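# Working through the structure, step by step
Residue-level listing of the chains:
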Amino acid sequence: MQVMGEGWMAQFTDQQGARFAVLQPGTAQSGLEKTSEDNTLVWVELHVPDPVAGIGFYRTLFGWRSQEMQAPGMTYRVLSLEHGDQQDTSFGGVAALQEGGHGASWVPYFAVADADETVRKTEDNGGSVLMPAADVPDVGKIAWLADTAGAVFAVLKPNPRQA
């Protein structure tokens, strides 16, 4: 569909049930103006039953690359753009859907100055805490939240070495 003369947008569902959208810019910006600063998008994470199949789908669609890394109790796959340095172009990850999770989905992570304060503000404004703020070694402090409509998102106070 056309988006008020700013470009074209389409929404899809991948083969495992995760919803996503694409934008073909017209007069609109071609991407995000700011990222990785407080209160902006810093990371996206795909949670699906079969991470390898999920990566294959998006590799075929967008050319994305992935690199495996071991995390406590799991293999985590970091996504990066098709071209350029793999670490410099990384923007997200893929993890196996956990039992009791919210179904296959993309989860946006927003950088924040204070994860605990963001959790408090979420609760004060009618949102839900799905996972309280917790320190993740070599990453930072993360919390999973839901807005008043139930949309899941996460916040991250990056470890200074990761910022």
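Small disclaimer: the values here were computed from a predicted structure and weren't measured.

### Here's the deal with the overall build of the protein chain
Helix and strand content of the protein chain: two helices and ten strands. Along the protein chain, helices (α) and strands (β) appear in the sequence β-β-β-α-β-β-β-β-α-β-β-β when read from the amino end. The C-alpha atoms of the protein chain give a radius of gyration of 16 Å, which matches the 15 Å a tight globule of 163 residues would have. Projected onto the principal axes, the alpha-carbon positions of the protein chain cover approximately 40 × 40 × 30 Å. Across the 163 residues that make up the protein chain, the buried fraction comes to 32%. Counting only carbon and sulfur atoms, one obtains 53% of the accessible surface of the protein chain, whose full area is about 10,200 Å². Taken together, the 10 basic and 20 acidic charged side chains of the protein chain have centroids lying 2 Å from each other.

### Some details on the sheet that holds strand β6 (residues 90-96)
Read from one edge to the other, the open sheet built from eight strands follows the order β4-β5-β6-β3-β7-β10-β9-β8, with strand pairing classed as mixed. The open sheet has two free edges, formed respectively by β4 (65-71) and β8 (128-136), since each of these has just one partner strand. When the angles between neighbouring strand axes are averaged without regard to direction, this sheet yields 25 degrees. As paired elements, strand β5 (residues 74-80) and β6 share four bridges and run antiparallel to each other. Among the inter-strand pairings, serine 80 is bridged to a residue of β6, identified as serine 90. In this fold helix α2 (residues 115-124) packs onto β8, β9 (140-146) and β10 (152-158), with an angle of close to 10 degrees to the strand it touches most, β9.

### Quick look at helix α1 (residues 51-62)
In an α-helix, one turn spans 3.6 residues, which is why side chains three or four residues apart end up on the same side. Between its terminal C-alpha atoms α1 stretches 16 Å, which fits the 16 Å expected from twelve residues at 1.5 Å a residue. Taken together, the buried positions of α1 are occupied by Pro51, Gly54, Ile55 and Tyr58. Buried residues along α1 cover an arc of 95 degrees about the axis, so they all sit on one side. Across from the buried face of α1, at angles greater than 90 degrees, the exposed residues are Val52 and Thr60. Looking at the buried positions of α1, the neighbouring elements they touch are β2 (19-25), β3 (41-48), β4, β5, β6 and β7 (105-111).

### Some points on the side chain of glutamate 45
Relative to the assigned elements, glutamate 45 resides in strand β3. A polar contact is formed between the side chain of glutamate 45 and the side chain of histidine 47, at a distance of 2.8 Å. Side-chain polar atoms of glutamate 45 contact the side chain of tyrosine 76, separated by 2.6 Å. If near-sequence neighbours (up to four positions away) are discounted, glutamate 45 is found in contact with Tyr76, Gly93, Ser105, Trp106, Val107, Tyr109 and Trp144.

Analysis parameters
Residues numbered from 1 in each chain as written. Predicted model: local features only at pLDDT ≥ 70, side-chain atom pairs only at ≥ 80, totals over all residues. Heavy atoms only, no water. Helix = DSSP H or I, 4+ residues; strand = E, 2+ residues; numbered from the N terminus. Rg over C-alpha atoms; globule rule 2.2 N^0.38 Å. Buried < 20%, exposed > 50% of the residue type's maximum accessible area, 1.4 Å probe, protein only. Areas by Shrake-Rupley, 256 points an atom, 1.4 Å probe, with all protein chains shown as cover. Lys, Arg positive; Asp, Glu negative; His and termini not counted. Charge placed at Lys NZ, Arg CZ, Asp CG, Glu CD. Pairing = 2+ DSSP bridges. Axes fitted to C-alpha atoms, helices over the stretch in contact; angles between N-to-C directions. Contact = heavy atoms within 4.5 Å. Expected span 1.5 Å × (residues − 1). Arc of directions from axis to C-beta. Polar contact = N/O pair within 3.5 Å; in protein donor to acceptor, adjacent residues only side chain to side chain.

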